[in-house]
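# A closer look at the structure
Chain by chain, the residues:
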Amino acid sequence: MIGIARMLERGRSRRERVRGRLMAAGAALATFLLCAAANLTAFEIDEHHDYYSVFTDGMMRPGTMTALVLLTAPALAFVYQVSRLAAATRQRRLAALRLAGATPGETRLLGAYETGRSALLGALAGAAVYLPVNLAAQWIFNERVSPLPVPYVPGAGSSVPAVPLPLVAAAIVLVTAGGVLSGLAAGRHVVASPLEVVRRARLTRPRALDLLLVVAGAGLVFAGFNVVEMDPIWRSGVYVIGAGACVLVFGLVLATTWVIRAAARSAGRRAGSAETLLSARMVEADPRAWARALSVVGLTVFLGSAAGWAQTFVLFDVWSVSTFRMVIYVLVDLALLGAMVTSAAALVVHQAEELLDHRRSFASLAASGVPIASLGRVLTRQALIAALPVCLVAGAAGVAALSWISFSATPTTAWAYVYPFLRAAVVTALGVAAAVLVSRAARPVLRRAAAPGELRFE
Amino acid sequence: MLEARGVHKAFGPTRALRGLTVEIGEGEIVAVTGPSGSGKSTLLHCLAGILRPETGEIRFDGRRIDSLGDAARTTVRRENFGVVFQFGQLVPELSALENVALPLMFNRHGREESMLTARSWLERLGVEDCAGLRPGELSGGQAQRVAVARALVTGPRVVFADEPTGALDSLAGERVMDELTGTARESRTTLVIVTHDNRVAAYADREIVLRDGTVASAVTA
Amino acid sequence: MSVGHVVLGLLSEGPRHGYELKREHDRHLPGARPLAYGQVYATLQRLQRDGFAEVAETAQDGGPERVLYAITPEGLAELARWLGEVEAPAPHLSGALLSRTVLAVIAGEAAGVTPGDYLLRQRAAHLTRMRELTARRASGSPAEALAADYAIQHLDADLRWIETAMARLTDLKEEIDA
Ligand SMILES: Nc1ncnc2c1ncn2[C@@H]1O[C@H](COP(=O)(O)OP(=O)(O)OP(=O)(O)O)[C@@H](O)[C@H]1O
Ligand SMILES: [Mg+2]
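All figures in this text were calculated on a predicted structure; none of them were measured in a lab. (Residues numbered from 1 in each chain as written. Chains lettered and ligands numbered in written order. Predicted model: local features only at pLDDT ≥ 70, side-chain atom pairs only at ≥ 80, totals over all residues. Heavy atoms only, no water.)

Tallying secondary structure elements over chain C gives seven helices and three strands in all. For chain C, the N- to C-terminal ordering of α and β elements is α-β-α-α-β-β-α-α-α-α. The principal-axis extents of the C-alpha atoms in chain C amount to approximately 70 × 35 × 30 Å. Looking at the 178 residues of chain C, the share that counts as buried comes to 34%. Expressed as a percentage of contacts within chain C between residues at least 6 apart in sequence, the contacts between residues at least 24 apart total 53%. Carbon together with sulfur atoms contributes 57% to the accessible area of chain C, which is approximately 11,200 Å² in total. (Helix = DSSP H or I, 4+ residues; strand = E, 2+ residues; numbered from the N terminus. Buried < 20%, exposed > 50% of the residue type's maximum accessible area, 1.4 Å probe, protein only. Contact = heavy atoms within 4.5 Å. Areas by Shrake-Rupley, 256 points an atom, 1.4 Å probe, with all protein chains shown as cover.)

In structure tokens, the structure reads:
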């Protein structure tokens, strides 16, 4: 089997190579973040510092590590989207294999092999980039050759320890396994028969599992708060709450499938232009794929608007303003922005996959004189129709989730209450804007999908 | 009305058209036949302004369209041409009715008006019962008749059809060809049909036989 | 297939006069060669002799004698037997197209005719006929459409043969010249 996979690999097209590289890039990013988190476990200092507390403060580090681990989610989601796209385009090779006697399971293994291989290469690259970064940091901070304001660490030998290599290896294994799994999972959506490859009828309706995720997430959060009380030293409750919140929001976003469908349906009914009609119907036909593609964007919007409450009390003088807090907030926002960009990239891949399914009908529309620009608007409106409900739900949930903070403080000005809502609105708008903007990035794919060559039957 | 003069078109090393010259009159129904790979589809795409030949000229109404830019050629196609392909041209998520209304709506006609016109075309082609169905729920013959309706709905002056019955059995194919040629004759629409089926070619007034990218013979009724 | 069986088939619908049989034959089989009156009566006589048909009634009101023919039980049995058989595929090719093509290759040079040209002209002639039939099919009755279909499919077979023949001309010429 591996032999066959190798043989097929040599015959890969340029586009397939590009997809392999994209997968590797996602895996590299995920590994880099995991390595950074692993590095933090080796830190021993427990000092407050205005700029570096996220690393030096023993209380803060678990939070930082959680954030880094969470940031791998958009990267891995990106890998999964690309491997879905790859599964859809591996078609012809797989059909040939089935004709040659391979079982459906074997063709899926092939997908897992290809994705796993890209993920392994990416993971190795990510680790290879992290190690020199770690060495450089050690050199700069520990040898004090830099004019940077370095944390003063009395008594400690080094402020930046070496990253524990066993954990790096674990990260590589983890990311590679993630790649293999996503390759296997992506293969489920394509059925390769000897004669052709058909896309399996996809599940497009909300599932009970989504609600289960919501309930499980809420339960975890609740349990987490209790654990925090019981275990003040290791603060394991924080992790439980973090994980619970993620599961909760993921479930919520997946449950937005029906919101997306309702929005698309009403947009389709009222559509006056061909572009809106087409995009609304396309979203309506597959709201679940959009919900999935948008889930990480939704998560980011949720966290972004939830963070507004914490900020408001600092900004409006309830809690004391400190450099330390400002640094934290800026870091959180930067992380969220990064997550949004990465997850938006997964959206482009989703649209590319969709275009692949539509290349004949789009090519024939283009042939009959529909400008590519009009078809481009179809992509943009799809993103708008799908992203708007998801971001609204996530933004509103974010504001609502942390509103209990407002009961524990008595701000001096009413603006303190307005700010979180303003911020939630801005973050929601950013989420929608990101989705719409990246849909423009799918235009080169559109141009290729609508080329007359796609009208030739193979 | 539509003419190609000394047209050459190559895809890499493959010379699909080699100095080909044809002329098609207003309201004419022309069949383009020839063996597989003789350049029929390529000729159709060049005539329809979808592909640009390397040398030679394509004229529509005496105006050169091969030298026009992409946007201008798109406009020419939208205002004057309709296309029918072998299969898969309908948007799977739209109903048959919406598929037919789509070109009108892309031409900035109102939704209500477009749907009304589309419905009348479905009736004309005998598939009004399918109006609410998605392409996946149509038979091949019904889908092709919906595709014909979509090609004709904007009142084009030329309709280009590439193997319009290629995926159908002979009775369904006959139905599609009857409707396509019947409505084309009624509205004096020029029709260019690429086919390798003689029975389809027999619907045309004239046949252009291609061989190795040039015209082997032109047979007129 | 014999005219006798066709006449028996028409009689199975009920007793008919000779001229009615001719008219129905031409209506049901519009593409076939029309029946001559003489042929109808000769056939009826043969059927009577074999016991497959009989005279049901003879009327003579001033004009010529008008005889009404009917099918007998033996005739019905014979009809059933015939419909139960299949038409035997022709054992020998009697294609004029084939002979002309081969001869155009053998004698084309002497006669100043190129076989390729002949095939192209033949193709044009076939296609012209096919066009007529296609037009007639669209406007005609179901029986005419069925007959036109029959003719069109046969012409199509010829046309496809012509296309392969064109591709084989060089090989054939080599074989003949060798
Ligand atoms: N987009 C393309 N890329 C590469 N080669 C092409 C392309 N389009 C056409 N060709 C080549 O040009 C030649 C003519 O192709 P064309 O599709 O016009 O043939 P055709 O007469 O329509 O054949 P068929 O009856 O099989 O559809 C073929 O050799 C084909 O391989
Ligand atoms: Mg073709």
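Before going further, it helps to spend a moment on the interface of chain B and chain C. Size of an interface, as often reported, equals the accessible area lost when the parts are brought together. Contacts between chain B and chain C engage 20 residues on the former and 17 residues on the latter. Run the count over chain B and chain C and you get three salt bridges. It is strand β9 (residues 206–211) of chain B that contributes the most residues to the side of chain B that touches chain C, four residues altogether. Taken together, the residues of the side of chain B that touches chain C break down into seven nonpolar, five polar and eight charged. (Salt bridge = Lys/Arg side-chain N within 4 Å of Asp/Glu carboxyl O. Nonpolar A, V, L, I, M, F, W, Y, C, P; charged D, E, K, R; others polar.)

Okay, the domain arrangement of chain C next. Split into domains, chain C comes out as domain 1 (3–83) and domain 2 (94–177). Between domain 1 of chain C and domain 2 of chain C, the C-alpha centre-to-centre distance is 37 Å. (Domains from an automatic or database assignment.)

On to the pairing of strand β8 (residues 190–194) of chain B, then. Residues and elements named next belong to chain B. Among the five residues of β8, five are classified as buried, and the element is accordingly described as predominantly covered. Judged by which residues are buried, β8 turns out to be covered on both faces: Thr 190, Val 192 and Val 194 on one side and Leu 191 and Ile 193 on the other are all buried. The pairing of strand β3 (residues 29–33) with β8 spans four bridges and is classified as parallel. Within the sheet, the bridge partner assigned to Ala 31 lies in β8 and is Ile 193. Note that strand β7 (residues 158–162) and β8 share five bridges and pair parallel. Looking at β8, one finds that Val 158 is bridged to Thr 190. Since β7 and β8 lie parallel, the crossover through helix α6 (residues 170–186) that links them has a hand, and here it is right-handed. (Pairing = 2+ DSSP bridges. Right-handed = clockwise from strand over helix to strand, strands pointing away.)

Close approach of charged atoms lets side chains of opposite charge pair. Under the counting rule described, the total for this entry stands at 32 salt bridges over all chains. Its salt-bridge partner being C:Asp149, residue C:Arg137 comes within 2.7 Å of it at the nearest N-O pair. Of this pair, C:Arg137 sits in helix α6 (residues 115–139) while C:Asp149 sits in helix α7 (residues 142–177); the two residues are twelve residues apart in sequence, bridging distant segments of the chain. The same class applies to C:Arg137 as to C:Asp149, namely buried. Among the charged side chains, a network of salt bridges with common partners joins A:Arg265, A:Arg281, A:Glu284 and B:Glu98.

All names here are of chain B. Residues in contact with ligand 1 amount to twelve residues; listed here are only the nearest, Ser 36, Gly 37, Lys 40, Ser 41 and Thr 42. With respect to ligand 1, the backbone of Gly 39 contributes an N or O atom lying 3.0 Å from an oxygen atom. The side chain of Thr 42 places a nitrogen or oxygen atom 2.5 Å from an oxygen atom of ligand 1. Coverage of ligand 1 by the protein amounts to 72% of the 630 Å² it exposes when considered alone. Those elements that place two or more of their residues in the shell around ligand 1 are β2 (14–24) and α1 (40–47). Examining the composition of the shell around ligand 1, we find that three residues originate from one element, α1, more than from any other. (Near = heavy atom within 4 Å. Polar contact = N/O pair within 3.5 Å; in protein donor to acceptor, adjacent residues only side chain to side chain.)

We now examine the sheet that holds strand β1 (residues 16–17) of chain C. An order of β1-β3-β2 (chain C) is seen for the three strands of this open sheet, with the pairing classed as antiparallel. Of all strands in the sheet, those with a lone pairing partner are β1 and β2 (53–59) of chain C, marking the two edges.

Residues and elements named next belong to chain B. Spatially, β2-β1-β4-β5 is the arrangement adopted by the four strands of the open sheet, whose pairing is antiparallel. The sheet terminates laterally at β2 and β5 (63–64), the two strands that pair on one side only. Where strand β4 (residues 55–60) meets β5, two bridges bridge the pair, whose relative direction is antiparallel. Considered in β5, the bridge of Phe 60 is made with Arg 63. With respect to the sheet, α1 is in contact with β1 (2–11), β2 and β4, its orientation differing from that of β2 by roughly 55°. (Axes fitted to C-alpha atoms, helices over the stretch in contact; angles between N-to-C directions.)

Moving on, we come to the domain arrangement of chain A. All names here are of chain A. Each domain of chain A was delimited in the assignment, giving domain 1 (1–202) and domain 2 (218–458). Tallying the contact residues gives 28 residues for domain 1 and 26 residues for domain 2. At the junction of domain 1 with domain 2, the criterion picks out zero salt bridges. Run the count over domain 1 and domain 2 and you get zero residue pairs in polar contact (both at pLDDT 80 or more). Breaking the side of domain 1 that touches domain 2 down by element, the ones donating at least two residues are α2 (14–41), α3 (53–56) and α4 (61–89). Of the residues in the side of domain 1 that touches domain 2, the class split is 16 nonpolar, six polar and six charged.

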